[in-house]
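If you want the building blocks of each chain, they are given just below.
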Amino acid sequence: MEKIKRLEDIIIAPETIPEAGIEDEVSVSPEAMSEVIKDEDLKVTKPFHIHYVVEREEGSDTIHADVDVAGEVETFCSRCLEPMTHKVEFRLDTDYIPALPDMAKDLEAERSSSETGYYRKNVRLGDYIVSELVLALPIRYICNEECKGLCPGCGANLNREECHCETPVDPRMQKLGDLKDKIRRK
Ligand SMILES: [Zn+2]
Ligand SMILES: [Zn+2]
């Protein structure tokens with residue numbers, strides 16, 4: 001598998017696409033991936049693998065790209081604060097059509113949907129993967145849907161132990177209790 005220095009280096013010159021298309025798989029180093037992700041709370045320790053197929057649509061200038069991205073990031077669960085691994089896996093499917101002369105230099109900014117992008121001399125597939133990667137990451141990381149988190153009272157990890165904090169009493173139930181007491185005293 002070819003190693004590439006930067007995700008942005010995945011660039012395809014349309015005239016080099018043979019009739020059968022191009023299929024390739026590249027790996028991107030953890031350091032390069034960290035630069036793209038730009039999040040101190042996410043650590044990349046293994047290379048990411050990018051598999052892509054690029055084909056020219058017969059009899060037109062449209063170029064079709066299918067991309068599979070696979071990798072993982074190390075982070076901490078936002079509920080229990082334990083270290084965890086989050087798998088990053090997604091698939092992209094997009095067309096590229098020739099850019100209009102008045103479009104901005106950064107053609108990714110001209111994209112109005114994830115299905116259609118633009119190219120000038122080259123198809124800058126890497127730029128597209130960078131922008132989609134950031135969107136594919138969750139806002140909060142949770143080790144497991146069932147994670148019970150930490151006790152707000154004593155900080156115990158409730159996945160591993162039961163603590164002896166008293167369950168906070170709902171104020172409405174408290175009032176009802178007081179009322180019952182009063183009735184009983186009469
Ligand atoms: Zn957790
Ligand atoms: Zn507790």
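Below, the structure is looked at part by part. It should be emphasised that the depicted structure is a prediction, and the values quoted were computed from it without experimental measurement. (Residues numbered from 1 in each chain as written. Chains lettered and ligands numbered in written order. Predicted model: local features only at pLDDT ≥ 70, side-chain atom pairs only at ≥ 80, totals over all residues. Heavy atoms only, no water.)

## Comments concerning the coordination of the zinc ion (ligand 1)
Metal coordination angles have textbook ideals: 109.5 degrees for a tetrahedral set of four donors and 90 or 180 degrees for an octahedral set of six.
Link 1 in the chain: For the zinc ion (ligand 1), the protein coordination sphere consists of Cys-77 (SG), Cys-80 (SG), Cys-143 (SG) and Cys-147 (SG), at 2.3 to 2.4 Å.
Link 2 in the chain: In this structure, the zinc ion (ligand 1) is surrounded by 4 donor atoms whose angles at the metal cover 104 to 114°, and the resulting shape is tetrahedral.
Link 3 in the chain: All donors to the zinc ion (ligand 1) come from one chain, and their sequence spacing reads C-x2-C-x62-C-x3-C. With Cys-77 in the loop between strand S4 (63-76) and strand S5 (83-98) and Cys-147 in the loop between helix H2 (125-136) and helix H3 (171-185), this residue pair connects regions lying 70 residues apart in the sequence.
Link 4 in the chain: Given the relative accessible area of 1%, Cys-77 is considered buried. (Donors = N, O, S within 2.8 Å, 3.2 Å for Na, K, Ca; no water. Tetrahedral: all angles 85-135°; square planar, octahedral: opposite > 155°, others 65-115°. Helix = DSSP H or I, 4+ residues; strand = E, 2+ residues; numbered from the N terminus. Buried < 20%, exposed > 50% of the residue type's maximum accessible area, 1.4 Å probe, protein only.)

## Side note on the packing of helix H1 (residues 30-37) against H2
Between two packed helices, both the angle of their axes relative to each other and the distance between the axes serve to describe the pair.
Link 1 in the chain: Contact geometry of H1 with H2 gives a least axis separation of 10 Å together with a crossing angle of 70°. In terms of axis orientation, H1 runs roughly perpendicular to H2. The residues of H2 that touch H1, namely those facing Met-33, Val-36 and Ile-37, are Val-130, Leu-133 and Val-134.
Link 2 in the chain: By residue class, the composition of the contact of H1 with H2 is 6 nonpolar, no polar and no charged. (Axes fitted to C-alpha atoms, helices over the stretch in contact; angles between N-to-C directions. Parallel < 35°, antiparallel > 145°, perpendicular 65-115°, else oblique. Contact = heavy atoms within 4.5 Å. Nonpolar A, V, L, I, M, F, W, Y, C, P; charged D, E, K, R; others polar.)

## Section: the packing of aromatic side chains
Link 1 in the chain: Scanning the model with the defined rule gives 0 aromatic pairs in all.
Link 2 in the chain: Arg-111 extends its terminal NZ or CZ atom over the ring of Tyr-96, reaching a point 5.3 Å from the ring centre.
Link 3 in the chain: Residue placement shows Arg-111 over the ring face of Tyr-128; its charged tip is 3.7 Å from the ring centre. (Phe/Tyr/Trp six-rings, centres within 6.5 Å; stacked < 30°, edge-to-face > 60°. Lys NZ or Arg CZ within 6 Å of the ring centre and 35° of its normal.)

## Thoughts on the layout of surface pockets
Link 1 in the chain: Within this model, the largest pocket holds a volume of roughly 250 Å³.
Link 2 in the chain: Forming the walls of the largest pocket are Tyr-96, Lys-105, Asp-106, Leu-107, Glu-108, Tyr-118, Tyr-119, Arg-120, Lys-121, Asn-122, Arg-124 and Asp-127.
Link 3 in the chain: The residue inventory of the lining of the largest pocket, partitioned by class, reads 4 nonpolar, 1 polar and 7 charged. (1 Å grid on protein atoms, 1.4 Å probe; cavity = no way out; pocket = protein on both sides within 12 Å on 5 of 7 lines; lining within 4 Å. Points joined across faces, edges and corners; volume = space filled by probe spheres on them.)

## A look at the coordination of the zinc ion (ligand 2)
Link 1 in the chain: The zinc ion (ligand 2) binds to the protein through Cys-151 (SG), Cys-154 (SG), Cys-163 (SG) and Cys-165 (SG), with metal-donor distances spanning 2.3 to 2.4 Å.
Link 2 in the chain: Around the zinc ion (ligand 2) sit 4 donor atoms, and with donor-metal-donor angles ranging over 102 to 114° the site reads as tetrahedral.
Link 3 in the chain: The sequence pattern formed by the donor residues of the zinc ion (ligand 2) is C-x2-C-x8-C-x1-C. Placement of the pair is Cys-154 in the loop between H2 and H3 and Cys-165 in the loop between H2 and H3, with a sequence separation of 11 residues.
Link 4 in the chain: Taking the relative accessible area as the measure of exposure, Cys-165 reaches 34% and is therefore partly exposed.

## Some points on the sheet that holds strand S1 (residues 2-4)
Link 1 in the chain: Across the sheet, 6 strands lie side by side as S1-S2-S3-S4-S5-S6; this open sheet has mixed pairing. Either end of the sheet is taken by a strand with one partner, and the two such strands are S1 and strand S6 (116-119). Adjacent strand axes in the sheet meet at a mean angle of 35° when their direction is disregarded.
Link 2 in the chain: Contacting strand S3 (48-56), S4 and S5, H2 runs over the sheet at an angle of about 140° to S5. (Pairing = 2+ DSSP bridges.)

## Observations regarding the nonpolar core
Soluble globular proteins tend to bury their nonpolar side chains together.
Link 1 in the chain: Ranked by internal contacts, the top residues of the largest apolar core, which has 39 residues, are Leu-7, Ile-10, Ile-50, Leu-125, Ile-129 and Leu-133.
Link 2 in the chain: Listed by contribution, the elements that provide at least two residues to this core are strand S2 (22-28), H1, S3, S4, S5 and H2.
Link 3 in the chain: Ile-129 has contacts with Leu-7, Ile-10, Ile-50, Val-67, Val-69 and Leu-92, leaving out every residue within four places of it along the chain. (Core = buried A, V, L, I, M, F, W, Y, C linked by side-chain atoms within 4.5 Å.)

## Observations regarding the environment of Glu-72
Link 1 in the chain: On the secondary structure map, Glu-72 appears in strand S4.
Link 2 in the chain: Relative accessible area serves as the criterion here: at 13%, Glu-72 is assigned to the buried category.
Link 3 in the chain: The sequence separation of Glu-72 and Leu-42 amounts to 30 residues, and the corresponding C-alpha distance is 9.6 Å.
Link 4 in the chain: Contact partners of Glu-72, with chain neighbours within four places excluded, come to Val-44, Lys-46, Phe-48, Thr-85, His-86, Lys-87 and Val-88.
Link 5 in the chain: Within the structure, Glu-72 has its side chain in polar contact with the side chain of Lys-46 (distance 3.2 Å). (Polar contact = N/O pair within 3.5 Å; in protein donor to acceptor, adjacent residues only side chain to side chain.)

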